[in-house]
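So you can see what is in the structure, the chains are spelled out below.
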Amino acid sequence: MIAASPAAAASGEYDIATYQSWVNGTYWCVNNAQNSAYGCLEVRGDYLQVGDVKADGRRTGMQWSTSGGRKGLCVNTAGKDFSFTPPTQQPSGKHLCNKDFGEGATITFRVGSCDASAHDCTNLANWSQWSDWISRKNAS
């Protein structure tokens, strides 16, 4: 977990994911070890697709940064909305953040969760259960 002061958390972008079915295309995904959070970067449309896998009362978020210095957190506050049945289905969720990262940027991201009933989830220090970081080059 990366700890951040409230001021540091506020210095990045903070977005609540909007209700929209996930975009199918060229995407890279990661899930955390608890299998409670799933996140995909759709590289042609700059979509951060954040899936909440479990009805456990925790928020799911995707922390990201770009090679150009932008950083932020895309948060799914709506609860369980994710399905995936390999190998026949693509990951499917209902919440995403539509970003504009710029052509050729490298985006590094991970997914985790936060217990909003006990913590301020705008503060990155209150997030846990993180996946590993992955990085992909943007194609848009």
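These figures come from a predicted structure and were not determined experimentally. (Residues numbered from 1 in each chain as written. Predicted model: local features only at pLDDT ≥ 70, side-chain atom pairs only at ≥ 80, totals over all residues. Heavy atoms only, no water.)

> An account of the overall build of the chain is needed here, citing residue identities and associated values.
When helices and strands are counted, the chain shows one helix and ten strands. Each helix (α) and strand (β) of the chain, taken in turn from the N terminus, gives the series α-β-β-β-β-β-β-β-β-β-β. Burial statistics for the chain: of 140 residues in total, 42% are counted as buried. Only carbon and sulfur atoms are counted for the fraction: they give 49% of the accessible area of the chain, which is about 6,700 Å². (Helix = DSSP H or I, 4+ residues; strand = E, 2+ residues; numbered from the N terminus. Buried < 20%, exposed > 50% of the residue type's maximum accessible area, 1.4 Å probe, protein only. Areas by Shrake-Rupley, 256 points an atom, 1.4 Å probe, with all protein chains shown as cover.)

> Before we move on, could you go through the sheet that holds strand 2 (residues 18-19) and cite the residues and values that matter?
Spatially, five strands are ordered 2-8-5-4-3 in an open sheet, and the strand pairing comes out antiparallel. Every other strand in the sheet has two partners, leaving strand 2 and strand 3 (27-31) as the edge strands with one partner each. Sheet topology places strand 4 (residues 37-42) next to strand 5 (residues 47-52); six bridges connect them, and they run antiparallel. Following the sheet pairing, tyrosine 38 is matched in strand 5 by glycine 51. (Pairing = 2+ DSSP bridges.)

> Explain the environment of serine 67 residue by residue, including any values.
Structurally, the position occupied by serine 67 is in the loop between strand 6 (59-66) and strand 7 (71-76). A residue is classified by how much of its surface remains accessible, and serine 67, at 55% relative accessible area, is exposed. Taking the C-alpha atoms as reference points, serine 67 and lysine 137, 70 residues apart in sequence, are found 9.3 Å from one another. Setting aside chain neighbours within four positions, we find serine 67 in contact with Ala105 and Thr106. (Contact = heavy atoms within 4.5 Å.)

> Could you give an account of the sheet that holds strand 9 (residues 106-114), naming the residues involved and the relevant values?
On the basis of which strands lie adjacent, the open sheet formed by five strands has the order 1-7-6-9-10 and mixed pairing. Each edge of the sheet is formed by a strand with only one pairing partner; in this case those strands are strand 1 (13-16) and strand 10 (134-137). Averaged over all neighbouring strand pairs, the angle between strand axes comes to 25 degrees, with direction disregarded. Sheet topology note: the strand 6/strand 9 ladder contains eight bridges and is antiparallel. The residue of strand 9 that forms the bridge with threonine 66 is isoleucine 107. (Axes fitted to C-alpha atoms, helices over the stretch in contact; angles between N-to-C directions.)

> An account of the nonpolar core is requested, with residue identities and associated values reported.
Counting residues in each nonpolar core, the largest one holds 17 residues, and the members touching the most others are Leu41, Leu48, Met62, Cys74, Phe101 and Phe109. Mapped onto this core, the elements with two or more residues apiece are strand 4, strand 5, strand 6 and strand 9. Take this core: its biggest share by element is three residues, from strand 9. In this structure cysteine 74 touches Asp15, Ala17, Leu48, Val50, Thr60, Gly61, Met62, Trp64, Leu96 and Cys97, once residues within four positions along its chain are discounted. (Core = buried A, V, L, I, M, F, W, Y, C linked by side-chain atoms within 4.5 Å.)

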